[in-house]
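Survey of secondary and tertiary structure
What follows is each chain in one-letter form.
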Amino acid sequence: MIKAEYDYLIIGGGPGGAAAGIGLRQQGKDCLIVERAALGRSKLCAGLVPQKTLRLLKKMLGDDAYAECMEAALLSQQPMFRIYDRHKCLLTGTPRDGIWTLDRPRFDRWMLQHYVQLGGELVTSNGVQSIDFQNNTVILQQGETVRYKQLIAADGANSRTAHQLDEQRGRRSHRKAINGFCLEANIPAKRLPNATGANLHFGIAPSSYAWSFRKAHTVCLGMIQLPSKHFDIQKAMLDFMTALGVESPETVEVRGAMLPYDGGRRQLCRDGILFVGDAAGLVEFPTGEGIYYALQSGCFAAEALSGDNADQRYATLCQPLCDQIHKSMRYQHTLEQRIPYSLFIGQVGKIVGPVTRFYENNIDADIV
Ligand SMILES: Cc1cc2nc3c(=O)[nH]c(=O)nc-3n(C[C@H](O)[C@H](O)[C@H](O)COP(=O)(O)OP(=O)(O)OC[C@H]3O[C@@H](n4cnc5c(N)ncnc54)[C@H](O)[C@@H]3O)c2cc1C
């Protein structure tokens, strides 16, 4: 039974919302997370995380809870990544700490359960239907009205909170223009027995890549369509599965989801509401890495709310994340130009050491 009023209301129970909730509960704050899906919902995500994400989790959870979380959700360590030009392998990199995969449904469920263990309140299978920003009130899908003192929007790439703010301010929402679209399929590993490592296939999805990541019992295949790039992604995905040797690819369940693609240019704070994770556009490109950013921005939101001037503090704390995303967008824009892209594909196989060090020093290095 939820109360009629909370000090802190978080919309969305993904990594961003859960991290904010855990941070607020660690400070003993009165807090409700509202998640529209069921606990342990399936979530489209390849679950690839560099070591920096695991270091962040250890810092935010402490040693014992971190060990529990890893036992619940960590799937495997992949020793290598490969870069392909379509299906021709150009490079095999073996980063010092390997690359890790998480089981997203199990990870998200563990995080929310941990938040509840810390005394946080949680509503699942019941989303926020509408928000009255003037009166600090939300109406849930099942009809309950809940008041809040502070709202945190962790409601994903297609943030309904941002939509509603735009609508109430008479602004047009451009969510489609600022999100990429991904397709993903998870194939039982026995259907692709030779699949190993984390593989990025360039030359299949324009200015982006298709992936094949070996997990414990499955191989996760997917690709990203950038907002401005029109191609038949369904067909490209079928062709990709066929080329990798998936039998009867048309029988495989393929699902789609949005991924923010605006280089961290969304506002982190609007009308006193803090946006975290995908809702704040915090995803790095060309990798599409967002779990780290969701967790870190969630922690920062909780930290900022522990004192005065939360908006400003939150923006300052998140600045290094935004800087890193802006930097990553420069690499992305290079890949979007024909000549630099050809140079990259032509040369990448000759610079295995620098590419591996780039992974270790950029993608795997702590940002804050
Ligand atoms: C196909 C794909 C593959 C990816 N692979 C990787 C990867 O390998 N590594 C990586 O780091 N990142 C990856 N990402 C990105 C990563 O999944 C996201 O960046 C991350 O999930 C962001 O977390 P979040 O908490 O901000 O949002 P989400 O995880 O999207 O959580 C938002 C939550 O809000 C809930 N919600 C939405 N609206 C409402 C509402 N009105 N009321 C209540 N609840 C609501 C949703 O149900 C959802 O649970 C991938 C993304 C996609 C689409």
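Remember, it's a predicted structure, so these values are computed and weren't measured experimentally. Numbers given to residues run from 1 along each chain, matching the order in which its sequence is written. Local features are withheld for residues below a pLDDT of 70 in this predicted model, meaning they are given only at 70 or higher, and side-chain atom pairs are given and counted only at 80 or more; totals for whole chains, interfaces and linings count all residues.

Topic: the overall build of the chain
The condition is simple: Helical segments are the DSSP runs of H or I of at least four residues, strand segments are the runs of E of at least two, and each set is numbered from the N terminus. Atoms counted for the radius of gyration: C-alpha only. Globule rule: 2.2 Å times residue count to the power 0.38. Counting other C-beta atoms within 10 Å of a residue's C-beta gives its exposure: the residue is buried at 20 or more, exposed at 12 or fewer, and partly exposed in between, where C-beta atoms are placed from the backbone. The contact criterion used here is simple: two residues whose C-beta atoms, placed from the backbone, lie within 7 Å are in contact.
When you go through the chain residue by residue, the secondary structure sums to eleven helices and 18 strands. Against the 2.2 N^0.38 benchmark of 21 Å for 368 residues, the chain shows a C-alpha radius of gyration of 20 Å, consistent with a compact globule. Its C-alpha atoms give the chain principal-axis dimensions of roughly 60 × 45 × 40 Å. Taken across its 368 residues, the chain has 43% of its residues classed as buried. Sequence-distant contacts, at least 24 apart, represent 69% of the contacts inside the chain between residues at least 6 apart.

Describing the environment of V368
Checked against the element boundaries, V368 lands in the segment after α11 (352-363). Along the chain, V368 and C220 lie 148 residues apart, while their C-alpha atoms are 30 Å from each other.

With respect to the sheet that holds strand β15 (residues 218-225)
Rules: Two strands make a pair as long as DSSP finds a minimum of two bridges between them. The convention used is that axes are lines fitted to C-alpha atoms, helices contributing only their stretch in contact, and that angles between N-to-C directions extend from 0 to 180 degrees.
In space, the seven strands of this open sheet follow the order β6-β5-β13-β14-β15-β12-β16, with mixed pairing throughout. What marks the edges here is a single partner per strand, and that holds for β6 (88-93) and β16 (255-260). Averaged over all pairs of adjacent strands, the angle between strand axes in this sheet comes to 20 degrees, irrespective of strand direction. Pairing of strand β14 (residues 209-214) with β15, which is carried by five bridges, proceeds in the antiparallel orientation. By the bridge assignment, R214 is partnered in β15 with V219.

Side note on the packing of helix α3 (residues 63-73) against helix α4 (residues 104-117)
Just so we agree on the cut-off: By the definition used in this description, the sense in which the near helix is turned from the far one sets the handedness, with an anticlockwise turn below a right angle giving left-handed and a clockwise turn giving right-handed. Residues are grouped as follows: Ala, Val, Leu, Ile, Met, Phe, Trp, Tyr, Cys and Pro are nonpolar; Asp, Glu, Lys and Arg are charged; every other residue, Gly included, is polar.
One can describe the packing of α3 onto α4 by two numbers: an axis separation of 8 Å at closest approach and a directional angle of 145 degrees. Both α3 and α4 take part in a crossing whose hand is right-handed. Residues A65, C69, A72 and A73 of α3 touch α4, and the partners they reach there are R106, F107, W110 and H114. Here the contact of α3 with α4 is composed, by residue class, of six nonpolar, one polar and one charged.

Some thoughts on the sheet that holds strand β3 (residues 48-49)
An order of β3-β7-β4 is seen for the three strands of this open sheet, with the pairing classed as antiparallel. A strand with exactly one partner marks an edge of an open sheet, and here the two such strands are β3 and β4 (74-78). Where β3 and strand β7 (residues 99-102) come together, two bridges link them in antiparallel fashion. What sits directly across from V49, in β7, is W100.

Here we look at the domain arrangement of the chain
Counted only if it meets this: Each domain's extent was defined by an automatic or database domain assignment.
The domain boundaries assigned to the chain delineate domain 1 (5-76 + 101-176 + 262-363) and domain 2 (177-260). With centres defined by C-alpha atoms, the gap from domain 1 to domain 2 works out at 23 Å. Contact residues are listed per partner, giving 20 residues for domain 1 and 23 residues for domain 2. Those elements that place two or more of their residues in the side of domain 1 that touches domain 2 are β4 and α6 (175-178). Its residues assigned to classes, the side of domain 1 that touches domain 2 shows nine nonpolar, six polar and five charged.

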